[in-house]
Amino acid sequence: MPEEDNKDAMRTPATPDKANNNERPAGPVTTVNIPLVNEVQLTAATGGAELSCYRCTVPFGVVVLIAGIVVTAVAYSFNSHGSIISYFGLVLLSAGLVLLASSAVCWKVRLERKKERRRESQTALVANQRSIFT
C-alpha cells in the first residue's frame, strides 16, 4: 500500500535548484510528497456536492436577481439613467438570470443522465432475465 501512494504522488524538491552546478549541495535533498486526488476521494471529501451545481446556483441566482431588481428599481426611481448604480443594477440583474439559467441547464442535463442510466439498467435487467429463462 505505501508503494502505491508513492507511485501516485508527485515528487518535488523542497529547495530550488541553484544556477551554479559546480557547488555541491550541503546536505541530502529532501522531497515532498504531494498526493494526487482522484474522483472517488473528491466525492468522499465533499459529500458528492460537486455533482449538484444546480442546487447551489439556484439560491445564489435568486438572491442576486432580487438584488439586481432592487438596485435597478432604486436607480431608475431617482431617474439616474446611465449612472454607475444603474449599470451595477443591470449587471446584477443579468448575473442573476445567468445563474438561474445555468442551474436550469445543469438540472436538465442531470435528469437526462438519470433517465439514460435507468434505461441502461432496465435493458441489462431484461437481457439478464431472458438469459435465465432460455
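Asks: Help me out: how do you make sense of a positive patch on the surface in this one?
Replies: Taken together, the side chains of Arg55, Lys108, Arg110, Arg113, Lys114, Lys115, Arg117 and Arg118 make up a positively charged region of the molecular surface. No other element matches helix α4 (residues 84-133), which puts 7 residues into the positive patch. Structurally, the position occupied by arginine 110 is in helix α4.

Asks: Hey, could you run me through the environment of glycine 61 in this one?
Replies: Note on placement: glycine 61 falls in helix α3 (residues 53-77). Along the primary structure glycine 61 and alanine 101 are separated by 40 residues, whereas in three dimensions their C-alpha atoms are 8.8 Å apart. Look past the residues within four positions of glycine 61 in its chain and what remains in contact with it is Gly96, Leu99 and Leu100.

Asks: I keep staring at the environment of valine 98 and nothing clicks. Help me out?
Replies: Its place among the elements puts valine 98 in helix α4. Valine 98 gets classed as exposed once you look at its relative accessible area, which sits at 55%. Measuring from C-alpha to C-alpha, the distance between valine 98 and threonine 57 comes to 9.7 Å, with 41 residues separating the pair along the chain.

Asks: I'm lost on the confidence of the model for the chain in this one. Help?
Replies: The predicted coordinates ought not to be read in detail in places where the model reports low pLDDT. The share of residues in the chain with pLDDT of 70 or more is 66%, and the mean pLDDT across the chain is 76. Across the chain, α3 holds the top mean pLDDT of 87, while helix α1 (residues 2-8) sits lowest at 52.

Criteria and thresholds
Residues numbered from 1 in each chain as written. Predicted model: local features only at pLDDT ≥ 70, side-chain atom pairs only at ≥ 80, totals over all residues. Heavy atoms only, no water. Patch = residues over 30% accessible without salt bridge, like charges linked within 9 Å, V, L, I, M, F, W, Y side chains within 5 Å. Areas by Shrake-Rupley, 256 points an atom, 1.4 Å probe, with all protein chains shown as cover. Salt bridge = Lys/Arg side-chain N within 4 Å of Asp/Glu carboxyl O. Lys, Arg positive; Asp, Glu negative; His and termini not counted. Charge placed at Lys NZ, Arg CZ, Asp CG, Glu CD. Helix = DSSP H or I, 4+ residues; strand = E, 2+ residues; numbered from the N terminus. Contact = heavy atoms within 4.5 Å. Buried < 20%, exposed > 50% of the residue type's maximum accessible area, 1.4 Å probe, protein only. pLDDT = per-residue confidence, 0-100.

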